[in-house]
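Each chain, written out:
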Amino acid sequence: MAAGKGGRRELNRRVLLLWGRGEGADWRVYLDHNATTPLAPEAAQAVQDAMLQAWGNPSSSHPAGRKAKELIGCARESLARMVGGRPEDIVFTSGGTEVGAAAEESKDKGRRPFSGPSFSPLPFSLQANNMVIHTARRHFRESQARPGDSRGTPHIVTSSVEHDSIRLPLEQLVKESLAEATFVAVSPRSGRAEVDDILAAIRPTTCLVSIMLANNETGVIMPVTELSQRIHALNQWRVAEGLPRILVHTDAAQMIGKGRVDVQELGVDYLTIVGHKFYGPRIGALYVRGPGTTTPLLPMLFGGGQERSFRPGTENTPMIAGLGQAAELVSKNWEAYKAHMQDVRDYLEARLEASFGKQRIHLNSHFMGSKRLCNTSNFSILGPGLQGQRVLSRCKTLLASVGAACHSEKGDRGQSSGCQLHVLLKGTELLGQL
């Protein structure tokens, strides 16, 4: 769908429902969409309708249960269409407390399960990401050639700029000696985790490579398609040598709704979907290329047979319905969304440079040769005494985020006589209204 005025007006209308000039309201420009998005009216309506009309247990065979099951099936089709997969490749995750990646092996070694990040109520990306880590580690152990044959400790490769939902579970597994992990640094020139650097980190014991599709702070898009192609070729050699297959996962939380996401083009085995990043409810899903057949998927919980026993527990029908509706909006409108957000992002950055001067503004997301998200602008304002949080606390109109570090052209923190303000304007949809 080509970008048009109607699509752009609809985008602004949707976001202004939360922050706008209404009766008794002040202007509030929300610029933290990479953290969370407001719920689209269509998604909210789908949630409400499901609560009232599809309240039955989806596992029940009576009409109320069948209606709920049908609604879940429709949502599954919508998510599959959004990412270019098949409905049977979509596994819904929920908002309950789910065990972490090291639970089973901790029990096997006679230790109490660790009380790290994976044993807390999990963010929605963390549920899917933990399931991938858990599966890769168990599959590595269970695919040994014969009983008693030990390949050593499973090894996982990721980048140094991953979301905490990848980084923290891996750090905990390393601490518990349940896995080894390599965190590949991003290039100071491109802002990307380069494919050659990732491949150089691979060992005979590597079982998983997990690289985000787009970074939530810089907006830089990672070379996941090329990485998948190279690992696929490498796996053919590894199988011939009797080495374990390397699984490929990408967290697409930031990319969905802002650019094309097609699992066939990406070539990944797993892809994480997070609803509240694209105007859906706070529930997620995991794409798996042929779950349990082509690609391993092992449950972290055991109970009912829901989600083909990959993720047991009574399905949250209203939230799943809202997620499906949000996916439909993305499928129909992502091109219009992308064109509009990119126009406004570029306008913002041009105005910043014109207002402050290029000597006082540093655009941290500009890396030569790298693509970036259409909605994300990361910049520093140079000046003595500037502290990002203090500046934003005095700002009456912008709701934005402050970064902890900047990226100079040399990749270091930069040196100046004053402090640097790092503002992450995540989601520039509304700036056209200023």
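Keep in mind the model is a prediction, meaning the values are calculated, not measured.

1. Quick word on the overall build of the chain
Helices and strands together make up the secondary structure of the chain, namely eleven helices and 13 strands. Taken across its 434 residues, the chain has 53% of its residues classed as buried. Restricting to contacts in the chain with at least 6 residues of sequence separation, those with at least 24 account for 72%. As displayed, the chain offers around 19,400 Å² of accessible surface, 52% of which is attributable to carbon and sulfur atoms.

2. Examining unusual backbone geometry
Unlike most non-glycine residues, Ser177 shows phi in positive territory, near 60°. Position of Ser177 among the secondary structure elements: in the loop between helix H6 (164-175) and strand E4 (180-184). Positioned with a positive phi, Tyr279 is a non-glycine residue whose angle comes to about 70°. Checked against the element boundaries, Tyr279 lands in the loop between strand E7 (270-274) and strand E8 (284-288). Given the relative accessible area of 9%, Tyr279 is considered buried.

3. Topic: H6
The end-to-end C-alpha separation of H6 is 16 Å, in line with the 16 Å expected for twelve residues at 1.5 Å each. Those residues of H6 that sit buried are Ser165, Ile166, Pro169, Leu170, Gln172 and Leu173. For H6, the angular spread of the buried residues around the axis is 160°, confining them to a single face. Downstream of H6 by one or two residues, Ser177 has phi in the positive range, about 60°.

4. Observations regarding the sheet that holds strand E2 (residues 90-93)
Spatially, E2-E8-E7-E6-E5-E3-E4 is the arrangement adopted by the seven strands of the open sheet, whose pairing is mixed. With one partner strand each, in any of the chains shown, E2 and E4 form the two edges of the open sheet. Across the sheet, the mean angle from the axis of one strand to that of its neighbour is 20°, orientation sign disregarded. As judged from the four bridges shared by strand E3 (residues 155-159) and strand E5 (residues 206-210), these two strands associate in the parallel manner. Along E5, the bridge assignment pairs Ile156 with Leu208. Lying over the sheet, H6 contacts E3, E4, E5 and strand E6 (247-251), oriented at roughly 140° with respect to E4.

5. Observations regarding the pattern of salt bridges
Counted under the stated rule, the structure contains 15 salt bridges. As a salt-bridge pair, Arg192 and Glu194 come within 3.0 Å of each other at their nearest N and O atoms. Across the salt bridge formed by Glu226 and Arg230, the nearest N and O atoms sit 3.6 Å from each other. One end of the pair, Glu226, and the other, Arg230, are both in helix H8 (residues 224-240), four residues apart, so they sit about a helical turn from each other. On the accessibility criterion, Arg230 (34% relative accessible area) is partly exposed. A network of salt bridges, in which partner residues are shared, links Arg86, Glu88 and Asp89.

6. Some thoughts on the environment of Lys277
By the element assignment, Lys277 lies in the loop between E7 and E8. A sequence separation of 25 residues divides Lys277 from Ala252, and the C-alpha atoms of the two residues are 9.9 Å apart. When sequence neighbours within four positions are dropped, the list of residues in contact with Lys277 reads Asn34, Ala35, Thr37, Ala253 and Gln254. Among the polar contacts listed, one links the side chain of Lys277 to the backbone oxygen of Asn34, at a separation of 2.8 Å.

7. Looking at the side chain of Ser190
With respect to the helices and strands, Ser190 occurs in the loop between E4 and helix H7 (195-200). There is a polar contact of 3.2 Å between the side chain of Ser190 and the backbone nitrogen of Arg192. Look past the residues within four positions of Ser190 in its chain and what remains in contact with it is Val220, Phe367, Met368 and Ser370.

Calculation criteria
- Residues numbered from 1 in each chain as written.
- Predicted model: local features only at pLDDT ≥ 70, side-chain atom pairs only at ≥ 80, totals over all residues.
- Heavy atoms only, no water.
- Helix = DSSP H or I, 4+ residues; strand = E, 2+ residues; numbered from the N terminus.
- Buried < 20%, exposed > 50% of the residue type's maximum accessible area, 1.4 Å probe, protein only.
- Contact = heavy atoms within 4.5 Å.
- Areas by Shrake-Rupley, 256 points an atom, 1.4 Å probe, with all protein chains shown as cover.
- Expected span 1.5 Å × (residues − 1).
- Arc of directions from axis to C-beta.
- Pairing = 2+ DSSP bridges.
- Axes fitted to C-alpha atoms, helices over the stretch in contact; angles between N-to-C directions.
- Salt bridge = Lys/Arg side-chain N within 4 Å of Asp/Glu carboxyl O.
- Polar contact = N/O pair within 3.5 Å; in protein donor to acceptor, adjacent residues only side chain to side chain.

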